[in-house]
Amino acid sequence: MITPYFLENFWGDKNNGFDVLYHNMKHGQISSKELSEFIRERATIEEAYSRSMTKLAKTASNCSQLGTFAPVWDVFKQSTEKLAACHMELVRKLQELIKEVQKYVEEQAKNHKKTKEEVASTLEAVQTIQSVSQALQKSKENYISKTLEQERMRKEGATQRDLDKAGLKVKKATETYKSYVEKYATAKTEFEQRMTETAQKFQGIEEEHVLRIQEIIHSYCQSVEETHIQIGEVQEEFVKNMENTSVESLIQKLAESKGTGKERPGNTICNNHCCVCLGVKPRKRKTFAIPENSFYSSSDSEDEDEPRKFHVQIKPVQTNNGTHQHKATIDELKASIGNITLSPTPAVRDASHQHTHHVNDLLSLDPFGPTSTGSSSSLPHSSVPPPNRPTTPLGTATIVPPPRPLSRPKLPAGKLTGINEAGRPFSPPKISNSSPPPAAPLAHAESSSSLSSNTSLSTSNTPTVGTSRGPSPVTLASQDALPIAVAFTESVNAYFKGADPSKCIVKITGDMTLSFPSGIIKIFTSSPSPAVLSFKLSNTSRLEQIVPNQQLLHSDSSQSDTNTKDFWLNMPALTAYLRKSSEQNPTASYYNVDILKYQVCSNGIQSTPLNLVVYWKCTPSTTDLRVDYRYNPEAMQPPAALTNVQVLVPVNGDVTNMQSLPNAIWNAEQSKSFWKVSDISDKSENEGSGSLRAKFELSDGPSIPATLAVQFFSEGSTLSGVDVELVGSGYRLSLNKKRFATGKNDFRLHQLHYQ
């Protein structure tokens, strides 16, 4: 048994600890029954999903068996049937688990009944001490009262007879009080002994109960995990089958199964007198005009009787390799960071047309892609078009690791010198004992850094991947509360100049997007007046500007509450837009609509989730660099980890060698060093504070301190704290997605001058 918590914490003047512990034991049986019902409901959901998947597999069976694509339906059918079987297997496991829980509930009831009989003597002891305590208190009060009455009569000169009567009363009260004191001592001893045994018994019952519940939950988790593994294997098999279903195999299969023969008809001339066959051997005609210097060649040789075979290989589209990458110049950056404005009319779009945007994905950034010349300090970016397919709403972008750098020079073993620990505003962690002794202090020049990226992970240009918690668009019924998903996506642009917080420039903007399942369109169009979709924004006092979509969104400008704001949608306009989107792409499952944009009130460096200070020490032969950073949880609502943190620093002066802590990547062609830091949060070492240090050896120094670029991404939180709540009936919020990232390089900063 663990520490006897029950024995130590359930006493008290009124002796109610026994009652609390007894009812707590009974609550355990209620919890077991509720857990059984929860697992039963999960099994019901899995069974319904399995049956729906089986129905979908039959749909694939009924699809047209004509045409070249027909064999692919068999792949869909088999994969869908296997998925249905996976979920049905989970149903079977959950039903077995329910039987185990029910068996435990029955055992629990028997044990509780037995325990009730065993602790009956303790209950009697509790009742005895409670009654004796009350009697003792009354006898004490009577003794005090009689004593005071006798004393009063003596002072007032009462007769001896009266004093004798009062004395008898005092004597009787004294004897009664004394007897109850003795009874209480006996009851107290009995109560403490019984309560000690019972408290330990109750704690043992609770320990066993929690252990059994944990075992049941472990079995539940294991069953679900095994199903997920099976589903993953089915999906992997489906992908491999589709990859092996080549264009050539489909064409060949159709030719073999539907072919009408290889014999070509002869050329004949017929009349009433004779039938003359032309004796000239027909010349083969080239079907394709392909140059001789291509991958395939053709010949006019008349000796070739066999039909020519062409091999067709389809390769996946290659992503942009960065040849069109660009970067911002420092002069332009500072000129416009203070003038970031919101577009007055956010565009509306559906998930099926997101492939029209060039996506600047922060997570698939090639930090050393080709860039244009200039004084830019921002990270280059690559434009990668997403796959041309419908997407599910409001999810996260696919994580792609950065590509291998163009060059990675080998660094000779040696100590990193010239970097010291003096003057750190964020108190980053100390380097190990192997670090060199402090050198001369780094010159604290007017160095700069910026939180910037080449992408705003807004829903307007990011393919969304996620899971809807609403019903399938196929089975969506008008009587259901219609599921609506929402996403808040924010971008932070910050510019730090030296270590002066007052010189930090910050701009934070955000987008709110609603996502509608395709099944909702039929309900909207079939109803003459669908329920108006209304919502309330909270924490709006933190917003400097709100720009709603004028085509779809209405609000009352006279609302007095500065912290909340009510909006409602123009349902005819929304219905018309969704209908048009459905006509343009009827296969999309969801349609995303930009509802409003906003700008967040900023408070300088306090509004940035990651604070930065950069130190440069430049000599003709070497450059020492230190970047101090500090995680700032107060900038986020709620605090969340910063992921995929990337730091890119340009260093000129013809670097011949680099030493760094932690290890960085040096790209000689771009003259840039690149760090990728693990996730940063208040759970990180030193509560998210740290340093990046490097020493560069130069052949043409000194270096000129430049502006570095930093990028990161965060899920589940925003910088504004803005939230949404649906108002009225008819709709439910199935998903509320929140995220923020460093913003796009659509602003510029002036080049800094150093002394």
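The protein goes by F-BAR domain only protein 2 in an unreviewed UniProt entry, where it is assigned to Sinocyclocheilus anshuiensis. Among the UniProt annotations of the protein, the heading Subcellular location (unreviewed entry) holds the following wording: "Membrane, Clathrin-coated pit". In its Sequence similarities (unreviewed entry) section, the UniProt entry covering the protein states "Belongs to the FCHO family."

Caption draft 1: The overall build of the protein, seen in detail. Looking only at helices and strands, one finds nine helices and 20 strands in the protein. For the protein, the share of sequence-separated contacts (at least 6 apart) that also reach a separation of at least 24 residues comes to 82%. Surface summary for the protein: the accessible area is close to 41900 Å², and the carbon and sulfur share equals 52%.

Caption draft 2: Highlighting the packing of helix 8 (residues 519-526) against helix 9 (residues 571-584). Packing of helix 8 against helix 9 leaves a shortest axis separation of 10 Å and a crossing angle of 130°. In this view, helix 8 runs oblique relative to helix 9, as classed from their interaxial angle. Remark: the crossing between helix 8 and helix 9 carries left-handed chirality. Contact with helix 8, carried on its side by Ile-520, Ile-521, Phe-524 and Thr-525, involves Met-571, Leu-574, Thr-575, Leu-578, Arg-579 and Ser-582 of helix 9 and no other residues of that element.

Caption draft 3: Structural view of the environment of Lys-536. Inspection of the secondary structure assignment puts Lys-536 in strand 6 (residues 534-538). Once residues within four sequence positions are removed from consideration, Lys-536 is found in contact with Thr-564, Lys-565, Asp-566, Asp-723, Val-724, Glu-725 and Val-727. Among the polar contacts made by the side chain of Lys-536, one reaches the side chain of Asp-566 at a distance of 2.8 Å.

Caption draft 4: Spotlight on the sheet that holds strand 9 (residues 564-569). Read across the sheet, four strands follow the order 8-9-6-19 without closing on themselves; strand pairing throughout is antiparallel. Lying at the two open borders of the sheet, with one neighbouring strand each, are strand 8 (553-555) and strand 19 (723-727). The mean angle between the axes of side-by-side strands here comes to 30°, regardless of whether they run parallel or antiparallel. Across three bridges, strand 8 lies against strand 9 in antiparallel orientation. When the sheet's bridge partners are listed, Leu-553 is paired in strand 9 with Leu-569.

Caption draft 5: Here's a closer look at the pattern of salt bridges. What the rule picks out here adds up to 23 salt bridges. Where Asp-682 meets Lys-683, a salt bridge forms, and the shortest distance between an N and an O atom there is 3.5 Å. Exposure remark for Lys-683: the relative accessible area of 73% places this residue in the exposed category. For the salt bridge of Lys-738 with Asp-723, the shortest nitrogen-to-oxygen distance reads 3.1 Å. Remark: Asp-723 occurs in strand 19 and Lys-738 occurs in strand 20 (residues 731-742); sequence separation between them is 15 residues. Connected through shared salt-bridge partners, Glu-149, Arg-152 and Glu-156 make up one network.

Caption draft 6: Just the sheet that holds strand 12 (residues 622-631), in detail. Here we have four strands laid out as an open sheet, ordered 11-12-17-14, and antiparallel in their pairing. Strands with a single pairing partner mark the edges of an open sheet, and in this sheet they are strand 11 (610-618) and strand 14 (655-661). Between one strand and the next, the sheet's axes are offset by a mean angle of 15°, whatever the strand orientation. Taken together, the six bridges between strand 14 and strand 17 (residues 689-698) define a ladder with antiparallel strand orientation. Looking across to strand 17, one finds that Met-658 is bridged to Phe-696.

Caption draft 7: Focus on the packing of aromatic side chains. Counting across every chain of the model gives eleven aromatic pairs. Ring pairing ties together the aromatic residues Phe-69, Trp-73, Phe-76 and Phe-238, which thus form one cluster.

Caption draft 8: Spotlight on the UniProt feature "coiled-coil region" (unreviewed entry) in the protein. UniProt annotation of "coiled-coil region" (unreviewed entry) refers to residues 87-118 when read in the numbering used here. When the span residues 87-118 is considered, its composition is 100% helix and 0% strand, and the gap between its end C-alpha atoms is 46 Å.

Conventions and cut-offs
Residues numbered from 1 in each chain as written. Predicted model: local features only at pLDDT ≥ 70, side-chain atom pairs only at ≥ 80, totals over all residues. Heavy atoms only, no water. UniProt positions renumbered as here; feature names shortened; annotations may be inferred. Helix = DSSP H or I, 4+ residues; strand = E, 2+ residues; numbered from the N terminus. Contact = heavy atoms within 4.5 Å. Areas by Shrake-Rupley, 256 points an atom, 1.4 Å probe, with all protein chains shown as cover. Axes fitted to C-alpha atoms, helices over the stretch in contact; angles between N-to-C directions. Parallel < 35°, antiparallel > 145°, perpendicular 65-115°, else oblique. Left-handed = near helix turned anticlockwise from the far one by under 90°. Polar contact = N/O pair within 3.5 Å; in protein donor to acceptor, adjacent residues only side chain to side chain. Pairing = 2+ DSSP bridges. Salt bridge = Lys/Arg side-chain N within 4 Å of Asp/Glu carboxyl O. Buried < 20%, exposed > 50% of the residue type's maximum accessible area, 1.4 Å probe, protein only. Phe/Tyr/Trp six-rings, centres within 6.5 Å; stacked < 30°, edge-to-face > 60°.

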